[in-house]
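Structural description and commentary
Here is how the chains run, residue by residue.
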Amino acid sequence: MRVDGEMQTQVDLGSLPFAEGGYLVVKRAVRGASPGHAIVVTGDAPELEVDLRAWCRAEGHGFDWQPAAGMARGQARILTGAAESARWAGARRATGDGGVDEDTVAEHPPRSWGLAARGATVEAGTPEFDFHLTDKIEVWSDDAARIYQQAVAAQWDPETAIPWNAAFELGHDLEDAVVQVMTYLIENETAALIVPSRFIAQLHPHFREVMQVLAVQAADEARHIEVFTRRARLKRTQLGRSTIGGQVSLKTLVEEPEFAIASFLLSVLGEGTFLSLLWFIERHAPDPVTEAVARLAAQDEARHVAFGLAHLSQHLGREPAFRPRLADAVRRRHDALRHTAALNDEVFDALLLMAAGSWEHDALRLGSRRVLQLIHDMDEGRRKRLVRLGFPEEEAAALSALHTRNFM
Ligand SMILES: [Fe+2]
Ligand SMILES: [Fe+2]
């Protein structure tokens, strides 16, 4: 209302002390007022004058106390300063279009948006965070939200999802083979955990759904490491072998600095190849525990491959010139690994024995054919995914052939 030519808002706090919620009522009135607007505050609380005076000084508002003659209570007059509105004048909505749609993803979110929720109003002058991945094209997929929801719904509990107590006894060599395969899987799953985890810390959190997909992917890999370790140690105290060739191959993945390229090498080519491997292990598992751990891991891996394909497809759709760089990455990695051994013999032999199921000659011949078929299926899967990313058939075949012999 207007009193003596001045716009005034009346606030009566009654017996509500300023420090116990009264300040919220006053603050609300101040927020709703334009600079120069007066707020008249009345109340019975004994500390009202002292508290209000201190608050107004801190907030940059004018303050005037008028003891009312003949009455127990006085009244305060607050003249709102410009500080509050000035403070938010330079604020920006953390959205792609400045706030029309609160959830629009920005192409290049500024680092100064920091950790703010997408859609929040960010005070000007917040510190810049050292995020490296700030370009939407490099990380984003419109499918990320859906893939994240699927991943969360598909989480399984290793304790109950796997028949740990199932009774079985394998021959010594077959148990050795399973332990060797598990040892190899653990090592590869560890790389698959580290790669997305590294990029989560570099990713601008504005790309929330991508951050969430990577986080749940890391959680998946943590579970895979757990169940493969438990299977390896189910009947044995000692694990199998880890080779130079395997580790050198994984090191090139772990050290790849560029997100899109790491994602291509790991998710599309590596985890894609692992899909065939895990289904192979599931199909030829000599015991129900090995079968279950392979199946559950394969189901998760399918999502990891799907996300890699989704954001790379979107990326390539907008920037086809990126495709030759992906091809270069495969060639570079192949050159770097040229002098390393093939897949370690122990793993290859273990897979063959697992697929054979016994030392019978006919069984071994069959096991050998099955492993060859696996290598063929892996190659076919890679070629199919490369074609989905727009590589011509011939180039897809050539690139698939250059993929690491370690599978991941
Ligand atoms: Fe995994
Ligand atoms: Fe994975």
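A brief look at the structure comes next. (Residues numbered from 1 in each chain as written. Chains lettered and ligands numbered in written order. Predicted model: local features only at pLDDT ≥ 70, side-chain atom pairs only at ≥ 80, totals over all residues. Heavy atoms only, no water.)

1. Let's talk about a nonpolar patch on the surface
A surface patch of nonpolar side chains, amounting to about 310 Å² of accessible area, comprises L16, Y23, L24 and V25. Secondary-structure assignment places V25 in helix α1 (residues 22-31). (Patch = residues over 30% accessible without salt bridge, like charges linked within 9 Å, V, L, I, M, F, W, Y side chains within 5 Å. Areas by Shrake-Rupley, 256 points an atom, 1.4 Å probe, with all protein chains shown as cover. Salt bridge = Lys/Arg side-chain N within 4 Å of Asp/Glu carboxyl O. Helix = DSSP H or I, 4+ residues; strand = E, 2+ residues; numbered from the N terminus.)

2. A closer look at helix α15 (residues 393-401)
Residues of α15 that are buried include every one of A396, L399 and S400, and no others. Projected down its long axis, α15 shows its buried positions confined to an angular sector of 100 degrees, all on one face. Along α15, the residues that are exposed and aim more than 90 degrees away from the buried face are E394 and A401. The inward-facing, buried residues of α15 abut α12 (323-336) and α14 (361-388). (Buried < 20%, exposed > 50% of the residue type's maximum accessible area, 1.4 Å probe, protein only. Arc of directions from axis to C-beta. Contact = heavy atoms within 4.5 Å.)

3. A short note on unusual backbone geometry
The phi dihedral of F407 is positive, around 80 degrees, even though this residue is not glycine. Topologically, F407 is positioned in the segment after α15. Looking at F407, the relative accessible area reads 6%, which means it is buried.

4. Overview of the coordination of the iron ion (ligand 2)
The protein atoms that coordinate the iron ion (ligand 2) are E221 (OE), E271 (OE), E301 (OE), E301 (OE) and H304 (ND1), at distances spanning 1.9 to 2.8 Å. All donors to the iron ion (ligand 2) come from one chain, and their sequence spacing reads E-x49-E-x29-E-x2-H. The distance between the iron ion (ligand 2) and the iron ion (ligand 1) is 3.5 Å, with E221 acting as a donor to both metals. Placement of the pair is E221 in helix α8 (residues 208-232) and E301 in helix α11 (residues 288-318), with a sequence separation of 80 residues. According to the relative accessible area criterion, E221 is buried, its value standing at 0%. On the basis of relative accessibility, which here comes to 1%, the residue E301 falls in the buried class. (Donors = N, O, S within 2.8 Å, 3.2 Å for Na, K, Ca; no water.)

5. Some details on the pairing of strand β3 (residues 38-42)
Side-chain positions along a regular strand alternate between the two faces of the sheet. The element β3 is largely enclosed, with a buried count of five among its five residues. Burial of the side chains of β3 extends over both faces: A38, V40 and T42 are buried on one face and I39 and V41 on the other. A crossover links strand β2 (residues 6-12) with its parallel partner β3, the connecting element being α1, and its sense is right-handed. Bridge analysis of β3 against strand β5 (residues 75-79) gives five bridges, and the strand direction is antiparallel. Counterpart to T42 in the pairing with β5 is Q75. (Right-handed = clockwise from strand over helix to strand, strands pointing away. Pairing = 2+ DSSP bridges.)

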